[in-house]
Amino acid sequence: MNRKKVKYKNYKLARLLMAGVIFVSLVSSCQQKKATVLGHEELAPISIEALRKRDFTTSLKFEKELVSGEGFNAELLSFYSDSLRIYALLSKPKTEKPEGGYPLIIFGHGFHPEPKKYGISKASGKSWRPGDYYRGIPESYARRGFVVLTPDYRGHNVSDGFEFTQMGFLAHNFYTIDLLHLVAALPSLENVNLDRVYYMGHSMGGDVGLRLLLTTNKISAASLWSPVAASTWQQVLYYGKYEEEGKVINTEKIDEYMATLQDNLNGLSYEYSVEQGDPINFIRELNVPVIIHHATGDQSVPYMWSESLVARLFAHKKRFEFYTYQSGNHLLIDENRMLAFDRDISFFNKYGNLN
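How each quantity is defined
Residues numbered from 1 in each chain as written. Predicted model: local features only at pLDDT ≥ 70, side-chain atom pairs only at ≥ 80, totals over all residues. Heavy atoms only, no water. Axes fitted to C-alpha atoms, helices over the stretch in contact; angles between N-to-C directions. Helix = DSSP H or I, 4+ residues; strand = E, 2+ residues; numbered from the N terminus. Parallel < 35°, antiparallel > 145°, perpendicular 65-115°, else oblique. Left-handed = near helix turned anticlockwise from the far one by under 90°. Contact = heavy atoms within 4.5 Å. Nonpolar A, V, L, I, M, F, W, Y, C, P; charged D, E, K, R; others polar. pLDDT = per-residue confidence, 0-100. Buried < 20%, exposed > 50% of the residue type's maximum accessible area, 1.4 Å probe, protein only. Pairing = 2+ DSSP bridges. Right-handed = clockwise from strand over helix to strand, strands pointing away. Phe/Tyr/Trp six-rings, centres within 6.5 Å; stacked < 30°, edge-to-face > 60°. Lys NZ or Arg CZ within 6 Å of the ring centre and 35° of its normal. Core = buried A, V, L, I, M, F, W, Y, C linked by side-chain atoms within 4.5 Å. Salt bridge = Lys/Arg side-chain N within 4 Å of Asp/Glu carboxyl O.

Participant: Would you mind going over the packing of helix α4 (residues 170–185) against helix α5 (residues 204–215) in detail, with residue names and values included?
Facilitator: One way to put it is that α4 packs onto α5 with a least axis distance of 9 Å and a crossing angle of 55°. Taken as axis vectors, α4 and α5 run oblique relative to one another. For the pair α4 and α5, the sense of crossing is right-handed. Judged by residue contacts, His 172, Asn 173, Tyr 175, Thr 176, Leu 179, Leu 180 and Val 183 of α4 engage Met 204, Asp 207, Val 208, Arg 211, Leu 212 and Thr 215 from α5. Here the residues of the contact of α4 with α5 are counted per class, giving 7 nonpolar, 4 polar and 2 charged.

Written as structure tokens, this is what we have:
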């Protein structure tokens, strides 16, 4: 991620490329475009409306035991998403199972500049999901009595579908499809309470997660840490200005971003206007309570994006809590992280059943 300057630069470059996809279609169309398939008009299959209408069916398969830790056991599971084999880390509490089963959290991780290295430990060079950066997230929730599922997105680590990671911002739509398949597979898990299923997403996992919340009714509440939750043109400008610092960003410069990323749209077998899949355009339809955490000095995903999201939630009378932290951390650390965990648990317990 952005712990070191070099990593941060890679992050910015990759996010810049990803952002342009959205801008292309926002500029070119304010109307929802539809694809024609065999003479019938259908919504583009990666649009929010199409995902709502789609049926998802799969199941989770045990692969092997993983290294356990204090207060939790770990397993590797797999499931299929669009015929792609996807792997997921399962972290299970060692505490006694509550009546009705353990509550469950799906953790959606953020952007990784090298997807095949997601979950690889730097110390050993071996796969150890979810990797050094996110190590404490599922472990901390599991120690607090939650079963935690941390799926790869397609193309990450050894999960199938690496080609999708090369699709810029369009990749987020496909990652949402992976999560929707995972949600469909939850009944195959033992000892979990399907009335207490939650989502926690960080950074890009916030964008993927908001799309998930808009397309399934199986999530009771969600926590978003430093979420990507801006209009798409804001994302283009924000990530673009880093690489053009000190220079004028004008129409010609944005055209350069657009030219490269238009290839991603051209590569689809259907017409798609990215605003159809942009969660920020559908906040009025969100029915899931959301808690948001964001550090005021975050440079990877600006704090103001969460403020804007909260303003929309308030305007549409949605249920939310918003917490700010006086630091520059993109992923909260130390006492701020512990405080965010405590707030999440309280929030999840408040919304213990589907609403």
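Participant: Which residues make up the confidence of the model for the chain, and what values go with them?
Facilitator: It should be kept in mind that the predicted coordinates are not to be read in detail where pLDDT is low. Scored by pLDDT, the chain has a mean of 87; 85% of the residues are at 70 or more. Here residues 1–40 is modelled with pLDDT under 50, and outside its nearest four sequence neighbours on either side it reaches 107 contacts, counting other chains as well.

Participant: Account for the pairing of strand β10 (residues 290–295), with residues named and values stated.
Facilitator: Most of β10 is tucked away, with 6 of its 6 residues classed as buried. Taking every second residue as pointing to the same face, both faces of β10 are buried, with Val 290, Ile 292 and His 294 on one and Ile 291, His 293 and Ala 295 on the other. Relative to β10, strand β9 (residues 221–225) runs parallel, the two sharing 4 bridges. Of the residues in β10, the one forming a bridge with Ala 222 is Val 290. As paired strands, β10 and strand β11 (residues 320–325) are joined by 6 bridges and run parallel to one another. Within the sheet, the bridge partner assigned to Ile 291 lies in β11 and is Glu 321. You can see the chain leave β10, run along helix α8 (residues 303–315) and come back into β11, and the turn it takes is right-handed.

Participant: Report on the sheet that holds strand β3 (residues 61–69), specifying residues and quantitative values.
Facilitator: With mixed pairing, the 9 strands of this open sheet are ordered in space as β3-β4-β5-β7-β6-β8-β9-β10-β11. At either margin of the open sheet sits one strand with a lone partner, and together these are β3 and β11. Averaged over all neighbouring strand pairs, the angle between strand axes comes to 20°, with direction disregarded. Lying over the sheet, α5 contacts β6 (102–108), β8 (192–202), β9 and β10, oriented at roughly 140° with respect to β8. Those strands touched by α8 are β9, β10 and β11, and its axis lies near 160° from that of β11.

Participant: Run through the packing of aromatic side chains, naming residues and quoting values.
Facilitator: Counting across every chain of the model gives 11 aromatic pairs. When the ring of Tyr 198 is compared with that of Phe 348, the centres are 4.5 Å apart and the planes differ by 15°; the resulting orientation is stacked. Of this pair, Tyr 198 sits in strand β8 while Phe 348 is found in helix α9 (residues 334–350), placing the two residues 150 residues apart along the sequence. Judged by its relative accessible area of 0%, Phe 348 falls in the buried class. Of the aromatic side chains, those joined through ring pairs into one cluster are Phe 107, Tyr 133 and Tyr 134. In this structure, Lys 116 is placed above the aromatic ring of Phe 162, and the distance from its NZ or CZ to the ring centre is 4.5 Å. Stacked on the ring of Trp 128, the Lys or Arg Arg 135 has its end atom at 3.6 Å from the ring centre.

Participant: How would you sum up the nonpolar core? Please name residues and give values.
Facilitator: Counting 61 residues, the largest nonpolar core has Leu 104, Ile 106, Leu 149, Leu 189, Tyr 199, Tyr 272 and Leu 309 as its most contacted members. Discounting residues that sit within four places of it in the chain, Leu 149 has contacts with Leu 60, Leu 77, Ala 88, Leu 89, Leu 90, Leu 104, Ile 105, Ile 106, Phe 107, Leu 182, Leu 186 and Leu 189. Within the second largest apolar cluster, 27 residues are counted, among which are Leu 89, Phe 107, Tyr 133 and Phe 347.

Participant: Tell me about the pattern of salt bridges, and please be specific about residues and values.
Facilitator: For the structure shown, the criterion picks out 13 salt bridges. Its salt-bridge partner being Arg 52, residue Glu 49 comes within 2.8 Å of it at the nearest N-O pair. Highlighted residues: Glu 49 and Arg 52, both in helix α2 (residues 48–53), separated by 3 residues, approximately one helical turn. Using a relative accessible area of 29% as the deciding quantity, one classes Arg 52 as partly exposed.

Participant: Can you explain the packing of helix α3 (residues 136–143) against α9? Please cite residues and give values.
Facilitator: Two elements in contact, α3 and α9, have axes separated by 11 Å at closest approach and are oriented at 50°. Judged on the interaxial angle alone, α9 and α3 are oblique. Our pair here, α3 against α9, has a crossing hand that is right-handed. On α9, the residues touching Gly 136, Ile 137, Ser 140 and Tyr 141 of α3 are Arg 337, Met 338, Phe 341, Asp 344 and Ile 345. A class-by-class count of the residues in the contact of α3 with α9 yields 5 nonpolar, 2 polar and 2 charged.

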